[in-house]
Amino acid sequence: MRLRDLREDNDITQNQIALMLNIKQNTYSQYENGKREVPINILWKLADFYDVSIDYLVGREKERKR
């Protein structure tokens, strides 16, 4: 996932993102470290916040049509 890179590129702390998402900082840390799956509602909020797609957040790339 690209959560850490996006957060750091925007000079935001884990605590600031957690407050915006209304979750605990340690929960957000677990998302970044892959220790906990990110719920879809959180992915939506993060995608909107960073102005990216959910596909981008999770590193999904579309296959090329042959």
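Note: the structure precedes this text.
Being a predicted model, the structure only gives us computed values, none of them experimental.

Thresholds applied
- Residues numbered from 1 in each chain as written.
- Predicted model: local features only at pLDDT ≥ 70, side-chain atom pairs only at ≥ 80, totals over all residues.
- Heavy atoms only, no water.
- Buried < 20%, exposed > 50% of the residue type's maximum accessible area, 1.4 Å probe, protein only.
- Helix = DSSP H or I, 4+ residues; strand = E, 2+ residues; numbered from the N terminus.
- Contact = heavy atoms within 4.5 Å.
- Arc of directions from axis to C-beta.

**A word on helix α3 (residues 25–32)**
Residues of α3 that are buried: Thr27, Tyr28, Ser29, Tyr31 and Glu32. Next to the buried residues of α3 lie α1 (3–9), α2 (14–21) and α4 (40–50). Just downstream of α3 lies Gly34, where phi reads positive at about 75 degrees.

**Looking at α2**
Among the residues of α2, those classed as buried are Gln14, Ile17, Ala18 and Leu21. Across the axial projection of α2, the buried residues extend over an arc of 100 degrees, all falling on one side. Where α2 is buried, its residues contact α1, α3 and α4. One or two steps after α2, the chain reaches Asn22, where phi turns positive at roughly 60 degrees.

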